[in-house]
Amino acid sequence: MDTGLDADAIRRISIYWEAVRAQYVAFESDLKAGASEVYLHEMPGGQFTNLKEQARSLGFEARWHEVAEAYRAANDLFGDIVKVTPSSKVVGDMALTMVSQV
């Protein structure tokens, strides 16, 4: 079915945002595509990129999927709390601690 969208206009907008994004490359995370695992660990987006950097700094980059699983386990231990900045940070710190003890 025809969406009624102007493909040329969409392409022009896409080209514009590609150029804008190139200006902010220094602030990009290494995540280049969506991560379906967020449906498993329910980690907020900002926490995802921050925790990934923390894991990398601790030498857990190759163990990221373990960290993500530990995030879910830590969240469950805390009672599936509402994840806002302070609480998601606590869950993330607990996840890193759990992975570091294995």
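Structure: see above.
Keep in mind that what you see is a predicted model, and the values were worked out from it rather than measured.

Rules and cut-offs
- Residues numbered from 1 in each chain as written.
- Predicted model: local features only at pLDDT ≥ 70, side-chain atom pairs only at ≥ 80, totals over all residues.
- Heavy atoms only, no water.
- Helix = DSSP H or I, 4+ residues; strand = E, 2+ residues; numbered from the N terminus.
- Rg over C-alpha atoms; globule rule 2.2 N^0.38 Å.
- Buried < 20%, exposed > 50% of the residue type's maximum accessible area, 1.4 Å probe, protein only.
- Contact = heavy atoms within 4.5 Å.
- Areas by Shrake-Rupley, 256 points an atom, 1.4 Å probe, with all protein chains shown as cover.
- Polar contact = N/O pair within 3.5 Å; in protein donor to acceptor, adjacent residues only side chain to side chain.
- Expected span 1.5 Å × (residues − 1).
- Core = buried A, V, L, I, M, F, W, Y, C linked by side-chain atoms within 4.5 Å.
- Salt bridge = Lys/Arg side-chain N within 4 Å of Asp/Glu carboxyl O.

Caption draft 1: Spatial organisation of the overall build of the protein. Counting its secondary structure elements, the protein contains 5 helices and 0 strands. The C-alpha radius of gyration computed for the protein amounts to 18 Å, which surpasses the reference 13 Å derived for 102 residues by more than 25%, pointing to a less compact arrangement than a globule. With respect to the principal axes defined by its C-alpha atoms, the protein has extents near 55 × 30 × 25 Å. Expressed as a percentage of its 102 residues, the buried residues of the protein come to 22%. Counting contacts in the protein only where the partners sit at least 6 residues apart, residues at least 24 apart contribute 54% of the total. Carbon together with sulfur atoms contributes 61% to the accessible area of the protein, which is approximately 7,300 Å² in total.

Caption draft 2: Molecular detail of the side chain of Asn75. Mapped onto the secondary structure, Asn75 falls in helix H4 (residues 64-77). Side-chain polar atoms of Asn75 contact the backbone nitrogen of Ile81, separated by 3.3 Å. Among all residues touching Asn75, those that are not within four sequence positions of it are Asp80, Ile81, Lys83 and Val91.

Caption draft 3: Spatial organisation of helix H5 (residues 85-100). Look at H5: 22 Å from first C-alpha to last across 16 residues, which is about the 22 Å you get at 1.5 Å a residue. Regarding H5, the residues found buried are Ser87, Ser88, Val91, Gly92, Ala95, Leu96 and Val99. As for H5, its buried residues are in contact with helix H3 (45-57) and H4.

Caption draft 4: Quick peek at unusual backbone geometry. For Glu42, which is not glycine, the phi torsion reads 55 degrees and is therefore positive. Take Glu42: it is sitting in the loop between helix H2 (38-41) and H3. The phi dihedral of Asp80 falls on the positive side, at around 50 degrees, and the residue is not glycine. Turning to its location among the elements, Asp80 is positioned in the loop between H4 and H5.

Caption draft 5: Structural context of the environment of Phe60. With respect to the helices and strands, Phe60 occurs in the loop between H3 and H4. Separated by 29 residues in sequence, Phe60 and Lys89 have C-alpha atoms that sit 17 Å apart. Not counting residues within four places of it along the chain, the set of residues in contact with Phe60 comprises Ala55, Val67, Leu96, Val99 and Ser100.

Caption draft 6: Geometry of the nonpolar core. Within the largest apolar cluster, 15 residues are counted, with the highest numbers of intra-cluster contacts made by Leu51, Trp64 and Val67. Tallying contributions element by element places H4 first for this core, with 6 residues.

Caption draft 7: Representation of the pattern of salt bridges in the model. In this structure the tally under the stated criterion is 8 salt bridges. In the salt-bridge network here, residues are joined through shared partners; they are Glu42, Arg72 and Asp76.

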